[in-house]
Every structure is written in structure tokens, then in C-alpha cells.
Amino acid sequence: MTRSPSGAQDTVSKSGDREDNGRAGVGGSYRVTNALRIDAEASEGSLGPGGKLGTNYLVSDHTTLYLNYSLENELGDTGLFQRQGTLVSGMKERLTDSSSVYVEERYQDVNSASGLTHATGVTLRPDDRWNFGVNAEIGTLVDSQTDAQTKRRAGGFRVGYGHDKIQFSSGVEYRDDQMQQPDATSYSNLKTWLFRNNFKFQVTPDWRLIGKLDHSMSNASQGQFYDGGYTEGVLGYGYRPVQSDRLDVLAKYTYFYNVPTAGQVTPQDTAAQFIQKSHIASIDVSYDLTRQWTVGGKYAYRLGEASLERVNPQFFDNTAELYIVRVDWHFHQEWEGMIEGRALEEPDLNQTRSGMLVALYRHLGKHVKAGLGYNFTNFSEDLTDMSFKSHGIFMNVVGSL
């Protein structure tokens, strides 16, 4: 069996010293035997080549071996433009019907630093309601230019529960990085805690309550300037009447506070010292006119503040209003086309941005769809995102309540 997806992107416009990011690629999966599968992806673009090559081998009904190498040009979760090569070899063993364990060796080559880390984890499902997981990672990265070492120790625990009207999950992660100074005379230390919490409660067949609370904090031995912190709390209320499932309504409140660490770098190689705290309220409505056509819209308001000063923040107002009008066209049962008109008003900056967004989705089930689209504007409908780097091709996965 063979699968062969492909794709391409190009840079329509840019500002400052931001590099072009045109790219084209192709990928596929081939099952050599019932036990062996090969996955491959390759791309070439302005930032250099990228790709992934891996194998997955089913030793038995209980044991799987895998070996993967990936080459990436950009890490969106850290905000760093960098080349990273990662080689992962591992084994996953299903101990019983309710438990499994994995062990991995990860060799990373990130810009001028490289090293080997060892990771392991255990997953336990004692019954249909509860699930637990524990993971740990240990290793050392070495700077090829200065030979300075970063000794990393990390671990985490998670728990989940689901039954009847209630679903929730919670987890905690801890990472301790001991970073040797370039002159090898001393070490600095960065300790990071991350807490994740999610829940969903079906109040009635028509109403659902959802929420999440994520919080992280980084403490650096070099002083407060190098610390970081992040908090995001979300509370939402969804309405979908059982007797008439044409209407979907989601009202949501978000609290967002972000203090990026001084080590985080923007694409222009400057420290990401932008501090943000925001209260965001939004309402999203869609209505099925027919089986083929759906109309909808979204309104969101951000009461926000921002500061460029880290140690003694001096906040200035940064409010915004978002307007979206949307039309969806369902065709060929599993396919859906979408077009949006959107506008973003920033009264404190006396500025209005507007444009369109188009996308094509394929339904993967009753409640999930995945698609590819193009954003003709440079802003996101997520008002916590103030980067204005959302222009261009995007991939998206959408889940419904």
C-alpha cells in the first residue's frame, strides 16, 4: 500500500530582513510487508532542504521497533528559525491490554549544538475511565564552537478521566537545564515547570461547558531578566440543540499572560522581550441553510496590554476587535470549501486590517475535519497572536463539540 501526498508554498511579501520561505515537497508511505512500513518526506525551499525518513517494524503483536530521521528548518513552538536534525530510534512494548512502555534514543543536531538524550515512558489504562502516563528524558547537548555543555533532565506525569458527561486530563512536566558558560568556568541553571489541564462537561444534551488552564514558569539562576512565564485560561460554553442540529454557537473567554524567556529569539535574531496580558471574549456562530450551504460569523474583543520592559514592565493599551463572515460549501459528501471575509480593528494604533481567507477541508469523521488553505491577510483569528505572520498557506484540523 502506498500513499503520496505533496504540497508547495511561496512568499508573496515580506518585511525587514525576514527571509523568503518558498518551499515545495512530496511525501509517501509504503508498506513493504505486513510488518514493515517505510515513511518518507522531502522538500526544498528558500531556507534549505528538509525531510523525514523512517521505518516502523512490527516485531509481534506486542512489540514495535522504529527508526526515524527528520531535518527541519523552522521550529514554530520555540519561535526560533534554526536547522535541526533529529535521529530517533526506539521500541514500544505493549505489556498488557492496559499498559505499554517505550524507550527512545534521540540524537539532535541543532544549529551549533548536538547531543544524545535518552527517553522513556509508561502508559497505563486500568479501566475504561482512567488513563495514566509517566515519561522521563536525560541527556547532554554540546556546542560545537565553544564545547559548552547543556545537561538536560526532564520528566512528566499525566492523568486522564472520561465517563458519561465528564472528561478531563491533567499533566505536569519539569525540565532542568544546566548550561555551561562559553569560557567553561561556571554553569547557569534554567528550571521550567509546565502544568496542563483540560475538561469538558455536558450540562444538558444541548449545552456543553469546556475549559483549559495551562501554566508554565521558568526560573534562571542568572537573574529575573532571564526568567519566563506563561498562563492561558479558557472557559467556553457551547450550544447545539439536539432537535435541530443546524445551529452551532460557542461563546468563549480567554485570559492570556506571556513573559517569554530572554533566550527566545525572533526571526530577526532579537530577544523576544514582548510581554502580553490580555482578556479576550468571543462568540462564534454557524447555521446550516441546507445540506450543502452553511453561513457563520465570529466576533472577538481583546482588552489587552503589552510591555517591552521585562524587569519593571510599563504596560500600554493594546485593544483589538475581530470581525469574520464565513460561507461553507459541502460537496461530494466528505469535502468542504470555505471562504471568509475578515477585519481586525486596533483603535489604540488607529489601524484597520482586512482581507480574505479560503480553505478546502476533508471530513475524517463526524466531528473532525482537516484541510489546506490560504490566508490573504497577515493576522490570525487568535487574538493572543500579535506576530502578524499568518499570511500564506496553512494547514488546519478542526474538531466540533
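Residues numbered from 1 in each chain as written. Predicted model: local features only at pLDDT ≥ 70, side-chain atom pairs only at ≥ 80, totals over all residues. Heavy atoms only, no water.

A. Examining the overall build of the protein more closely. What the protein contains, in helices and strands, is zero helices and 24 strands. Residues counted as buried form 31% of the 401 residues belonging to the protein. The contacts of the protein with a sequence gap of at least 6 include a subset with a gap of at least 24, amounting to 42%. Per element, the accessible surface of the protein, about 23,500 Å² overall, is 55% carbon and sulfur. (Helix = DSSP H or I, 4+ residues; strand = E, 2+ residues; numbered from the N terminus. Buried < 20%, exposed > 50% of the residue type's maximum accessible area, 1.4 Å probe, protein only. Contact = heavy atoms within 4.5 Å. Areas by Shrake-Rupley, 256 points an atom, 1.4 Å probe, with all protein chains shown as cover.)

B. Quick look at the pairing of strand β20 (residues 320-331). Both strand β18 (residues 293-307) and β20 contribute to a ladder of 10 bridges, which runs antiparallel. Note on β20: the bridge partner recorded for A300 is L322. The loop that links β20 with its antiparallel partner strand β21 (residues 335-346) comprises three residues; one of these, H332, has a positive phi angle of about 50 degrees. (Pairing = 2+ DSSP bridges.)

C. Spatial organisation of a nonpolar patch on the surface. Among the surface-exposed residues, W130, I166, F168, F199, F201, V203, W207, L235 and Y237 lie close enough to one another that they form a single nonpolar patch of about 730 Å² accessible area. Examined against the element boundaries, I166 turns out to sit in strand β12 (residues 166-180). (Patch = residues over 30% accessible without salt bridge, like charges linked within 9 Å, V, L, I, M, F, W, Y side chains within 5 Å. Salt bridge = Lys/Arg side-chain N within 4 Å of Asp/Glu carboxyl O.)

D. Summary view of the side chain of D214. As for its placement among the helices and strands, D214 is situated in strand β14 (residues 207-220). Owing to a relative accessible area of 10%, D214 belongs among the buried residues under this scheme. When neighbours within four sequence positions are excluded, D214 is seen to be in contact with F195, R196, N197, Y230, T231 and E232.

E. Seen up close, the pattern of salt bridges. One pass over the full model with this rule turns up 20 salt bridges. R37 is the partner of D39 in a salt bridge, and the nearest nitrogen-oxygen pair spans 3.3 Å. When its relative accessible area of 22% is taken as the criterion, D39 is described as partly exposed. Residue R37 is classed as partly exposed on the basis of its relative accessible area of 25%. Here E381 makes a salt bridge to R342, at a shortest N to O gap of 3.7 Å. Placement of the pair is E381 in the loop between β23 (368-375) and β24 (392-399) and R342 in strand β21, with a sequence separation of 39 residues. When its relative accessible area of 5% is taken as the criterion, R342 is described as buried. Several salt bridges share partner residues, and in doing so they unite D284, K298, R326, D328, E340, R342 and E381 into one network.

F. Molecular detail of the packing of aromatic side chains. A complete count under the given rule lists 13 aromatic pairs for this structure. Ring geometry for Y299 and Y323: centres 5.4 Å apart, planes at 55 degrees, overall tilted. In this pair, Y299 is assigned in strand β18 and Y323 in strand β20, connecting sequence segments 24 residues apart. Grouped by ring-pair contacts, the aromatic residues W130, F132, Y161 and F168 constitute a single cluster. Lying over the aromatic face of F315, K277 brings its terminal NZ or CZ to 4.4 Å of the ring centre. (Phe/Tyr/Trp six-rings, centres within 6.5 Å; stacked < 30°, edge-to-face > 60°. Lys NZ or Arg CZ within 6 Å of the ring centre and 35° of its normal.)

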